[in-house]
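Okay, here's what each chain looks like letter by letter:
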Amino acid sequence: MPTLQPTPQQTAERVAEGMLRRDRATRTLGMAVLAIAPGAATLAMRVREDMLNGHDTCHGGFIATLADSAFAFACNSYDELTVASSFGIDFIAPARQGDQLTASCIEISKSGRTGVYDTEVTNQRGERIAVFRGRSHTLKGRPAVKPIATATAPETVAAAGDTP
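Residues numbered from 1 in each chain as written. Predicted model: local features only at pLDDT ≥ 70, side-chain atom pairs only at ≥ 80, totals over all residues. Heavy atoms only, no water.

**Looking at the overall build of the protein chain**
Right, on to step 1. Along the protein chain, the regular secondary structure elements total four helices and six strands.
Right, on to step 2. From first element to last, N terminus to C terminus, the protein chain shows the α and β order α-α-β-β-α-β-β-β-β-α.
Right, on to step 3. Residue burial in the protein chain is summarised as follows: out of 164 residues, 34% are buried.
Right, on to step 4. Within the protein chain, contacts between residues separated by at least 24 positions form 67% of all contacts whose residues are at least 6 apart in sequence.
Right, on to step 5. When the accessible area of the protein chain is evaluated, it comes to approximately 9,100 Å², of which 54% is carbon and sulfur surface. (Helix = DSSP H or I, 4+ residues; strand = E, 2+ residues; numbered from the N terminus. Buried < 20%, exposed > 50% of the residue type's maximum accessible area, 1.4 Å probe, protein only. Contact = heavy atoms within 4.5 Å. Areas by Shrake-Rupley, 256 points an atom, 1.4 Å probe, with all protein chains shown as cover.)

So, in structure tokens, the structure goes:
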């Protein structure tokens, strides 16, 4: 019987769920995945008091971590294990306690094992806080998350969902 292949969107959603389950840093910082698609991801994080630096603004490392997490979800969305090879970030404006930051990442280029992704971090007013460019390296043949059993024929799926 033929195997039903997931759509690219279904793959991206499954990978995001699997990554979030294992990504302790992203969860500990209170980040939420708002959107996921092949080659794209949007994550959000509220700036807490323990994220403030000596100037009472959000420490740049936390902003970079939010952008880096969005980058990780975007570049792994194809379910091929992909890691950062480098990134750069430019801070445009400060983020303050209570700000809701959103990092929107999109794929700019993907060729062979390398990719380039741009992430924009904005606050709840849509003001640009930072811009981030990440470069990725894909480890071919290795899934980003452990595979789950795929459904086979429609009658098998229906039978599995039947209740006695």
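**A look at the packing of aromatic side chains**
Right, on to step 1. For the structure shown, the criterion picks out three aromatic pairs.
Right, on to step 2. Plain terms: the ring middles of phenylalanine 71 and tyrosine 117 are 5.6 Å apart, the flat faces sit at 55° to each other, and that makes the pair tilted. Pair noted here: phenylalanine 71 is in helix H3 (residues 60–75) and tyrosine 117 is in strand E5 (residues 114–122), with a separation of 46 residues, a long-range link.
Right, on to step 3. Owing to a relative accessible area of 1%, phenylalanine 71 belongs among the buried residues under this scheme. (Phe/Tyr/Trp six-rings, centres within 6.5 Å; stacked < 30°, edge-to-face > 60°.)

**Examining the side chain of threonine 57**
Right, on to step 1. Relative to the elements of secondary structure, threonine 57 occurs in the loop between strand E2 (40–46) and H3.
Right, on to step 2. Among the residues examined, threonine 57 registers a relative accessible area of 13% and is labelled buried.
Right, on to step 3. Apart from the residues within four sequence positions on either side, threonine 57 is in contact with Met51, Leu52, Pro94, Ala95 and Arg96.

**With respect to H3**
Each α-helix turn comprises 3.6 residues. Residues three or four places apart therefore point the same way.
Right, on to step 1. In a regular helix each residue adds 1.5 Å, so 16 residues correspond to 22 Å; H3 covers 22 Å between its end C-alpha atoms and thus fits that length.
Right, on to step 2. Where H3 is concerned, the buried positions are Ile63, Ala64, Leu66, Ala67, Ser69, Ala70, Phe71, Phe73, Ala74 and Cys75. (Expected span 1.5 Å × (residues − 1).)

**Here we look at the environment of cysteine 105**
Right, on to step 1. Among the secondary structure elements, cysteine 105 is positioned in strand E4 (residues 100–111).
Right, on to step 2. Given a relative accessible area of 1%, cysteine 105 falls into the buried group.
Right, on to step 3. In this structure the C-alpha to C-alpha distance between cysteine 105 and phenylalanine 73, which are 32 residues apart in sequence, comes to 8.7 Å.

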